[in-house]
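Close look at the chain arrangement
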Amino acid sequence: MMKLNKLSVLAIFFLIQSFNFAQKKEIVAYYHGTYHKNHIAQEKYLLDKDLIDKITVINYAFSIPVQDSTGKIVPLITNPFFAYQEYYSTEMSVDGIADDSSQTLRGQFNQLRKLKKLNPDLKILISLGGWGGSKYFSDLALTASSREHFVDSCLSLFISGNLPIVNGAGGNEAALGVFDGIDLDWEFPITGGPEGTHYNENDRENHTELFKLFREKLNKIDEKLLLTAAVTGRSNEFWQYNFSQDQQYLDWFNLMSYDLHGSAENLTGHHSNLLSSKYDIDPKRESLDRMVQYLLDSAGVTPDKIIPGAAFYGKGWEEVDSINNGLYQAGVPIKKWGYIKFDNFLDFTDIQNRGFQCNWDDNTLAASLYNKDEKIFWTYDDIRSMALKSRYVDAYNLRGLMFWQIFGDDTLGTLTKTIYNRNMPDVQYKESKQENILPSITITSPNKQNSNFSEGDNIIINTSVDDKDGKVIKVEFFIDGNSIGYNTLAPFHWAWFNASKGEHLISAIAFDDNGGKTFSEKIKIFVQ
């Protein structure tokens, strides 16, 4: 038996600790409480698809601020029947135990509490507001007394669990222990949201005061209770927030880095792209990266307070020309029967396998779908963009990644597992042939002609691959011999984020469907 000296033991310890730290990034899943597709399997889906130990936080959406009979603003559970009154059968329940009439807590809240018993590290937050649910945020934040009344009402309802008694459910402390904090989703301060949303010029400062009061009162109950905020992902709206000041009260910002293009526009575009592109039709060239860099560099937000967002849904247009596979072309929001859900919106689970060609944009690290016969274009996050976003979070040491919303994933939970693993699902090889012609691979970019970069650059890596007696099904990428992930979808391109200063070697390995592999030539680059 090999003996380990103290230095070796310490090295192994720190290696294990580093791995554990990497795995502890927050994975924040919004859970749409009134979204009832396949409702019977809704909570069991998280358990049956082995997702409950991969998600760290569930944001239950939504409770909305409303006026009570006295005109004061209080939180309202949007569908109390689903939330805590519905009886779950043995088949529906996550632990196989049916609800009965003696229970004061049933429905989704009870199932979420059961999920927490199965994973004690899981946190559940109530999300307040949302698009269309923020009408009275400006009013409730307006004065010290209105803020006090609303915060106290929220803490009583969700943290103390004092639910209204309806149909034998509810009562004092009925939901105690379900929620571990508050997520504020005010859409939006100062400028408002949908028609009828209240706003005023003092919203930004009042928002900060609301954060401060929530933090103070949560701390009096338990300093471990979480307070987060969903904020705009559009750079022209960042002025609506006191980011540098607000961060002292919040555990993190949920950055809504999606819906960057959509139904209000008559030109197609990516709605959740990772990088900005000079070809974007919007001169602001919004992207997840642009938002994160603004928060880090201009607003002075620390990385551990930033959680960017990904989308488990796509947005579509019809009547789109085939130029550039439909990207940045004229079109109208899709209305064709069989595609439409809300507005021009379709879940990831429904967007697959419709006879579309999948296209990859190296400029934005974003996927899209196009059907030239139907002239339909979809923008969406695929497994490739999810893996890259997870790698981006690691590269900039951000707090984690969030997404809207968990039940938009496919029946295997593929997107959620991709975020957790920071890799696309791995491939399966055929039974090895005795005579297998190995694949070929060349790194086409960077090359000797563009080998100089600046510290902090996001470097796109392009490859050219071929296989004479089969096909290449996976390419893994390396910086100085360390893997930065792999791609299982053509074109086999990737990215190295936040490049560190110095001389580096980029390399890759191509794998064919018979398990054969070939190493690329190493490309030397200089980061200054």
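Just so we're clear, the structure is a prediction, and the values are computed from it rather than from any experiment.

1. Describing the overall build of the protein chain
- Counting its regular elements, the protein chain contains 12 helices and 26 strands.
- Relative to a compact globule of 528 residues, whose C-alpha radius of gyration would be 24 Å, the protein chain shows 25 Å and is just as compact.
- Counting all 528 residues of the protein chain, 56% fall into the buried class.
- Expressed as a percentage of contacts within the protein chain between residues at least 6 apart in sequence, the contacts between residues at least 24 apart total 70%.
- Only carbon and sulfur atoms are counted for the fraction: they give 51% of the accessible area of the protein chain, which is about 23200 Å².
- Each charge sign in the protein chain was given a centre, from 52 positive and 68 negative side chains, and these centres are 4 Å apart.

2. A look at the sheet that holds strand β20 (residues 459-466)
- Spatial strand order, β18-β20-β23: 3 strands in an open sheet with antiparallel pairing. Looking along the sheet, the strands with just one partner apiece sit at the ends: β18 (440-445) and β23 (494-496). Here the average twist between neighbouring strands, direction ignored, is 30°.
- Summarising the sheet, β18 and β20 pair through 5 bridges and their orientation is antiparallel. Bridge pairing in β20 places serine 445 opposite asparagine 462.

3. A closer look at the packing of aromatic side chains
- The tally for this structure, following the rule as stated, stands at 27 aromatic pairs.
- Centroid distance phenylalanine 158 to phenylalanine 179: 5.5 Å. Interplanar angle 85°. Geometry classified as edge-to-face. Of this pair, phenylalanine 158 sits in helix α6 (residues 144-159) while phenylalanine 179 sits in the loop between β6 (169-171) and β7 (181-185), placing them 21 residues apart in sequence.
- A relative accessible area of 4% places phenylalanine 179 in the buried class.
- Clustering of aromatic rings is evident, with ring pairs tying together Tyr31, Tyr45, Tyr60, Tyr84, Phe109, Phe158, Phe179 and Phe407.

4. Digging into the pattern of salt bridges
- For the coordinates displayed, the defined rule picks out 19 salt bridges.
- In this structure, the salt-bridge partner of aspartate 251 is arginine 215, at a minimum N-O distance of 3.2 Å. Remark: arginine 215 occurs in helix α7 (residues 203-221) and aspartate 251 occurs in the loop between α8 (243-246) and β9 (252-255); sequence separation between them is 36 residues. With respect to burial, aspartate 251 and arginine 215 carry one shared label: buried.
- Connected through salt bridges with shared partners, the residues Asp50, Asp53 and Lys54 form a single ionic network.

5. As for unusual backbone geometry
- Phenylalanine 188 follows glutamate 187 through a cis peptide bond whose omega is 5°.
- With respect to the helices and strands, the residue phenylalanine 188 is situated in the loop between β7 and α7.
- Phi at lysine 375 takes a positive value of approximately 55°, unusual for a residue other than glycine.
- By secondary structure assignment, the location of lysine 375 is in the loop between β15 (366-371) and β16 (376-380).
- Accessibility expressed as a relative area gives 44% for lysine 375, which makes it partly exposed.

6. Looking at the nonpolar core
- The biggest cluster of nonpolar side chains holds 139 residues, and the ones touching the most others in it are Leu46, Phe109, Leu128, Phe214 and Ile406.
- In terms of residue count, α6 provides more of this core than any other element does, 7 residues in total.
- Every residue in contact with phenylalanine 109, bar those within four places of it in the chain, is listed here: Tyr60, Ile77, Ala83, Tyr84, Leu163, Ala175, Val178 and Phe179.
- Within the second largest apolar cluster, 6 residues are counted, among which are Trp317, Leu327, Tyr328 and Phe377.

7. Some thoughts on the pairing of strand β17 (residues 400-404)
- Burial of β17 is extensive: 5 of the 5 residues sit out of reach of the surface.
- On β17, burial covers both faces: Gly400, Met402 and Trp404 on one face and Leu401 and Phe403 on the other are all buried.
- In this structure, strand β1 (residues 26-32) lies alongside β17, joined through 4 bridges in parallel fashion. Bridging across to β17, valine 28 finds its partner in methionine 402.

8. Topic: the confidence of the model for the protein chain
- Confidence in the prediction of the protein chain, expressed as mean pLDDT, is 92, and 92% of residues score 70 or more.
- Confidence over residues 1-22 falls short of pLDDT 50; this stretch has 4 contacts with residues more than four positions distant or in other chains.

9. Points about the packing of α6 against α7
- Following both chains from N to C, one finds α6 and α7 inclined at 40°, their axes separated by 10 Å at the closest point. In terms of axis orientation, α6 runs oblique to α7. In the packing of α6 onto α7, the handedness of the crossing is right-handed. Here α6 contributes Arg147, Glu148, Phe150, Val151, Asp152, Cys154, Leu155 and Ile159 to the contact with α7, which in turn contributes Asn206, Glu209, Leu210, Leu213, Phe214, Lys217, Leu218 and Ile221.
- Residues of the contact of α6 with α7, tallied by class, amount to 10 nonpolar, 1 polar and 5 charged.

10. A closer look at the packing of helix α11 (residues 383-395) against helix α12 (residues 414-421)
- Contact pair α11 / α12: the axes reach a minimum separation of 8 Å and the direction vectors enclose 30°. The pairing of α11 with α12 is recorded here as roughly parallel in orientation. Seen along the crossing, α11 lies across α12 with a hand that is right-handed. Contacts between α11 and α12 pair Ile383, Met386, Ala387 and Ser390 from the former with Thr414, Leu415, Thr418 and Ile419 from the latter.

11. Considerations on the side chain of glutamate 187
- Structurally, glutamate 187 is set in the loop between β7 and α7.
- Buried and without a salt bridge, glutamate 187 has arginine 234 as its closest oppositely charged side chain, separated by 9.3 Å.
- A distance of 3.4 Å separates a polar side-chain atom of glutamate 187 from the backbone nitrogen of tryptophan 131.
- What glutamate 187 contacts, discounting residues up to four positions off in sequence, is Gly130, Trp131, Ser134, Gly192, Gly193, Thr197 and Met256.

12. A closer look at the side chain of threonine 208
- Here threonine 208 is to be found in helix α7.
- Under the relative-accessibility criterion, threonine 208 is labelled buried at 2%.
- Beyond its immediate sequence surroundings of up to four residues, threonine 208 is in contact with Asn242, Gln245, Asp246 and Tyr249.

13. Regarding the environment of phenylalanine 345
- Here phenylalanine 345 lies in strand β13 (residues 345-347).
- Taking C-alpha positions, phenylalanine 345 is 6.8 Å from tyrosine 313, a pair spaced 32 residues apart along the chain.

Conventions and cut-offs
Residues numbered from 1 in each chain as written. Predicted model: local features only at pLDDT ≥ 70, side-chain atom pairs only at ≥ 80, totals over all residues. Heavy atoms only, no water. Helix = DSSP H or I, 4+ residues; strand = E, 2+ residues; numbered from the N terminus. Rg over C-alpha atoms; globule rule 2.2 N^0.38 Å. Buried < 20%, exposed > 50% of the residue type's maximum accessible area, 1.4 Å probe, protein only. Contact = heavy atoms within 4.5 Å. Areas by Shrake-Rupley, 256 points an atom, 1.4 Å probe, with all protein chains shown as cover. Lys, Arg positive; Asp, Glu negative; His and termini not counted. Charge placed at Lys NZ, Arg CZ, Asp CG, Glu CD. Pairing = 2+ DSSP bridges. Axes fitted to C-alpha atoms, helices over the stretch in contact; angles between N-to-C directions. Phe/Tyr/Trp six-rings, centres within 6.5 Å; stacked < 30°, edge-to-face > 60°. Salt bridge = Lys/Arg side-chain N within 4 Å of Asp/Glu carboxyl O. Core = buried A, V, L, I, M, F, W, Y, C linked by side-chain atoms within 4.5 Å. pLDDT = per-residue confidence, 0-100. Parallel < 35°, antiparallel > 145°, perpendicular 65-115°, else oblique. Left-handed = near helix turned anticlockwise from the far one by under 90°. Nonpolar A, V, L, I, M, F, W, Y, C, P; charged D, E, K, R; others polar. Polar contact = N/O pair within 3.5 Å; in protein donor to acceptor, adjacent residues only side chain to side chain.

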